[in-house]
Amino acid sequence: MRWVIEQVHPENGDDALIAAARDAGDEVTVITPTRDIAAVDLPKGPALFHGSMQKAAEIQAQRPDISVWLDAAAFECTSYLPRVGEFLFNSTYIMLSVSELIRQKWEVYRWLANDTKVFVRPSSGLKTFTGKLLDLEEFDAFWKNPAVCNAKPEDIVIIAPPQRIQGEWRIVADHAGQVVAYTTYLYQGNTTHIPAAPSGAMELCKRILDSGLKLGPMFVLDIAQSPDGRFGLLEANAFSTAALYACKMEQIVKRAQGVLGDLALKKPVKHKSDEPVH
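How each quantity is defined
- Residues numbered from 1 in each chain as written.
- Predicted model: local features only at pLDDT ≥ 70, side-chain atom pairs only at ≥ 80, totals over all residues.
- Heavy atoms only, no water.
- Helix = DSSP H or I, 4+ residues; strand = E, 2+ residues; numbered from the N terminus.
- Contact = heavy atoms within 4.5 Å.
- Core = buried A, V, L, I, M, F, W, Y, C linked by side-chain atoms within 4.5 Å.
- Buried < 20%, exposed > 50% of the residue type's maximum accessible area, 1.4 Å probe, protein only.
- Pairing = 2+ DSSP bridges.
- Axes fitted to C-alpha atoms, helices over the stretch in contact; angles between N-to-C directions.
- Arc of directions from axis to C-beta.

Trainee: Lay out the environment of Ser-226 with the relevant residues and their values.
Mentor: The topology assignment puts Ser-226 in the loop between β12 (218-225) and β13 (231-238). Put simply, Ser-226 and Phe-75 are 151 residues apart on the chain and 24 Å apart in space, counted from C-alpha to C-alpha. Those residues in contact with Ser-226, other than ones at most four positions away along the chain, are Phe-89, Arg-164 and Gln-166.

Trainee: Describe in detail the nonpolar core, supporting the description with residues and values.
Mentor: Counting 37 residues, the largest nonpolar core has Phe-75, Tyr-80, Val-84, Ile-208, Leu-215 and Leu-221 as its most contacted members. Sorting the residues of this core by element identifies β3 (47-50), α2 (53-62), α3 (77-80), β9 (167-174), α7 (199-210), β12 and β13 as the ones contributing at least two each. By residue number, the principal contributor to this core is α7, which donates 6 residues. By size, the runner-up hydrophobic cluster in this structure holds 24 residues, among which are Ala-20, Ala-21, Cys-247 and Val-259.

Trainee: I'd like a description of the sheet that holds strand β1 (residues 2-6), backed by residues and values.
Mentor: The strands making up a sheet are joined through hydrogen bonds of the backbone, oriented either antiparallel or parallel. Within the open sheet, the 4 strands sit side by side as β2-β1-β3-β4. Their pairing is parallel. Only two strands of the sheet have a single partner each, and these edge strands are β2 (27-31) and β4 (66-67). When β1 meets β3, the two strands line up parallel, connected through 3 bridges. Bridged to Val-4 within β3 is Phe-49. Sitting on the sheet, α2 touches β1, β2, β3 and β4, and the angle it makes with β3 is about 150°.

Trainee: If you had to explain helix α5 (residues 105-112) to someone new, which residues and values would you point to?
Mentor: What α5 keeps buried is the set Lys-105, Val-108, Tyr-109 and Leu-112. All buried residues of α5 fall inside an arc of 95° around its axis, so they share one side. Opposite the buried face of α5, by more than 90 degrees, sit the exposed residues Trp-106, Arg-110 and Trp-111.

Trainee: Would you mind going over the sheet that holds strand β8 (residues 156-160) in detail, with residue names and values included?
Mentor: Across the sheet, which stays open at both edges, the 4 strands sit in the order β5-β8-β6-β7 with antiparallel pairing between neighbours. A strand with exactly one partner marks an edge of an open sheet, and here the two such strands are β5 (94-97) and β7 (132-135). Between one strand axis and the next, the sheet turns through 40° on average, direction left out of account. In this sheet, β7 lies alongside strand β6 (residues 117-122) in antiparallel orientation, the contact comprising 4 bridges. Within the sheet, the bridge partner assigned to Phe-119 lies in β7 and is Leu-133.

Written out as structure tokens, the structure is:
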């Protein structure tokens, strides 16, 4: 197996993934934002990509031989949130276009704000801006600032009341509904990268997967816990562009090899008998 790994944030697991792939005998092409290789110039032949959304989009557009496990439509909140409502950490939310949110600002804040803040994030998994608590004082300026927000007026956003979070965990799953690996990435407000997760997070993940949610060959689910101990789904993300933090990378590499093999077996094989007769 061959990988193309963009070393974006070594401290977020990129270096460990590269090492695990090489230890497994896989060939790895490493690129970085400062030592980039254009998609058309990457080594030819099947490979699996892991890196930034920008590089993923470039490879998807130009290199069909390289697998990018990122289906933008599948990771739209408008697509998957309605299927997992009962599991959501923040199950009270509304979806509006940016233009409608701006028009109905006062009604939205009256309904959802706490201490003059609402949580807002893009529906798109391609992240036209980073989800954040948006204070009423900052509201108008935020949508006009291209340095922090590239959303268009017609783009759909999710608005929800603020929630306090005790901890956050990222769980990697596969298309068969099995957990592959997991990591803590935030606890009590501190960055905490350890290959562990509480039983409550794992049990919720199993319930979500058992419900039939499948968002790609491999994908990640982010689970949060409230200060009172309640677990809920924060969001889902694509495998190819998700930081893997302290996940056990050898487990990820092994399962990725298996999934690529599964997918290869499902591809139709063209036999001579299938060719048209002239």
